[in-house]
Amino acid sequence: MSAFLKKLRQHMLIILGICLVATLAFGQEGHPLDGTWSGDRIVNGEKVRVLVIMRLLPDQRIEGTIIENGARIPLRDVNLDPSAWTVSLTVDGPGRSGEQISYSMEGSIKNLGSARNRIIVGQWRDEKEEGDFSLNMN
Amino acid sequence: MKNPLMTFSSVTLLGMTIWCASAVAQPVDGETIPTPRMANGQIYLGLSPGQKGFWGSSGRIFGTRGRSHVTNLEADEIPFQPWARSLWEYRQANNEKDDPHARCLPAGVVRLIQTVNGFQVLQHPELNRVYMVFGGGVHTWRVIHTDGRPLVDIDDPDTIPTYMGYSTGHWEGDTLVVETNGFNEKTWFASGSLPSTRYMQLTERISRPNFETLRYEVTVDDPGAYTRPWTGGFDVAWNWTGWDGSEKAELHEYFCQDNNLDVMHMTNE
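Keep in mind the model is a prediction, meaning the values are calculated, not measured.

Engineer: Would you mind going over the pairing of strand β7 (residues 201-210) of chain B with me for this structure?
Structural biologist: Walk down a regular strand and you will see the side chains alternate between the two sheet faces. Residues and elements named next belong to chain B. Bridge count between strand β6 (residues 175-181) and β7: five bridges; the pairing is antiparallel. Paired with Val178 across the two strands is Glu204, which belongs to β7. Judged from the eight bridges that link them, β7 and strand β8 (residues 213-221) form a sheet pairing that is antiparallel. Bridging from a neighbouring strand, Ile206 pairs with Tyr216 of β8. In textbook terms, the turn of a hairpin is the stretch between consecutive antiparallel strands, and for β7 and β8 this stretch comprises two residues.

Engineer: I'm lost on the interface of chain A and chain B in this one. Help?
Structural biologist: Interfaces are frequently sized by the accessible area removed from exposure as the parts join. Facing 17 residues of chain A, the contacting portion of chain B comprises 23 residues. Residues that form the side of chain A that touches chain B fall into these classes: eight nonpolar, eight polar and one charged.

Engineer: Can you walk me through the environment of Tyr254 of chain B in this structure?
Structural biologist: Residues and elements named next belong to chain B. Note that Tyr254 resides in the segment after β9 (230-239). In the structure, Tyr254 is positioned 116 residues away from Val138 in sequence and 8.2 Å away in space, judged by C-alpha atoms. Apart from residues no more than four positions distant in its own chain, Tyr254 is found in contact with Asn117, Gly135, Gly136 and His139.

Engineer: Can you help me understand helix α2 (residues 82-93) of chain B in this one?
Structural biologist: The α-helix advances 3.6 residues per turn, and as a result positions three or four apart in sequence lie on the same side. Given a rise of 1.5 Å per residue, twelve residues ought to cover 16 Å, and the 16 Å separating the end C-alpha atoms of α2 of chain B matches this to within 8%. Those residues of α2 of chain B that sit buried are Trp83, Ala84, Ser86, Leu87 and Arg91 of chain B. For α2 of chain B, the arc enclosing every buried residue in end-on projection is 165 degrees, short of the 170-degree limit, so these residues lie on one face. Facing away from the buried side of α2 of chain B, by more than 90 degrees, are the exposed residues Gln92 and Ala93 of chain B. Looking at the buried side of α2 of chain B, the elements it contacts are β4 (71-81) of chain A. The positive-phi residue at the C-terminal boundary of α2 of chain B is Asn95 of chain B, with phi of around 55 degrees.

What counts as what
- Residues numbered from 1 in each chain as written.
- Chains lettered and ligands numbered in written order.
- Predicted model: local features only at pLDDT ≥ 70, side-chain atom pairs only at ≥ 80, totals over all residues.
- Pairing = 2+ DSSP bridges.
- Helix = DSSP H or I, 4+ residues; strand = E, 2+ residues; numbered from the N terminus.
- Contact = placed C-beta atoms within 7 Å.
- Nonpolar A, V, L, I, M, F, W, Y, C, P; charged D, E, K, R; others polar.
- Expected span 1.5 Å × (residues − 1).
- Buried ≥ 20, exposed ≤ 12 C-beta atoms within 10 Å, placed from the backbone.
- Arc of directions from axis to C-beta.

All quantities given are derived from atomic positions and should not be read as evidence of function.
Here it is in structure tokens:
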């Protein structure tokens, strides 16, 4: 893939992300995970900007996508434990260059009642590394 | 009565009472005024010609206190999904301090009917619309289409979820049946901090068994937040005077956004 096409793809993903934010940014008072989140994942001491979109399905499953480094990677096994408001999920899919990206995230919801300042903080880990992450509901 | 002055006063007072009652059709000594009707027989759910007043105090769709229906579910009987129950309990434990309505954001359609400052129902059969005009909260309104249109497709990307949703109504006898979907998730849709999701569809049944009573019943069908559809309701009382006791008896001017000092008192203590 040429550099131009890669750049174009990256821009398209950003535009797609913005469109999804515009469509889904209304999930604040319903299911606490439903909506769009943005934040950082700390990898080797560096912040990696991430955008996470989660959507409650009528059967109570939660589907979602994470966008990082220009790649749109599906989420699987998204779980919310409402007794403690803890969250776990797995990121699993191809990165921007086609490499496999797999890691898990476990965190807890803070400011649950706030539609504007709700956050998820916790840790991510893969087979080799781990680090912190923080997501703010948009 | 031997005192002529007392007799004159009593008769005059009685006459004035009858005149006032006939002028605005207010009930006298527990009299029940029949439900007002249009020339075509359809009942007025709100203001009718020659009358004054508006709908005021209401109840809840769960619990049986006050004007709430005795058939309502109690809170522990509401078929919450697990996350919805935990969220509801969290809100209750925190005295509803995060209530968006207290921050002057629009309330849900049930909550608006329950909000203080009252509401009016205006029927326009010629326009195939019923308007509900709310005096409380953000002083907003709601439109119910009675032209037979279907509900919106919430999976259609062109359907923009809204605070009030999209309402379509029809008459079953003297009951207006209103179905609504297409809600956003920015409200607590009913009094008592009940959560909802975009999957919610409401079926409201609104009737007026007598002049002074609006009977409201709603079935909540939201597989996102509840494990099965459930129904609750309450009666709403007609207000003959303004909130200040004046004879004007109109919804008064109230804007939540103006001088909203309540929100600072919303704490979890």
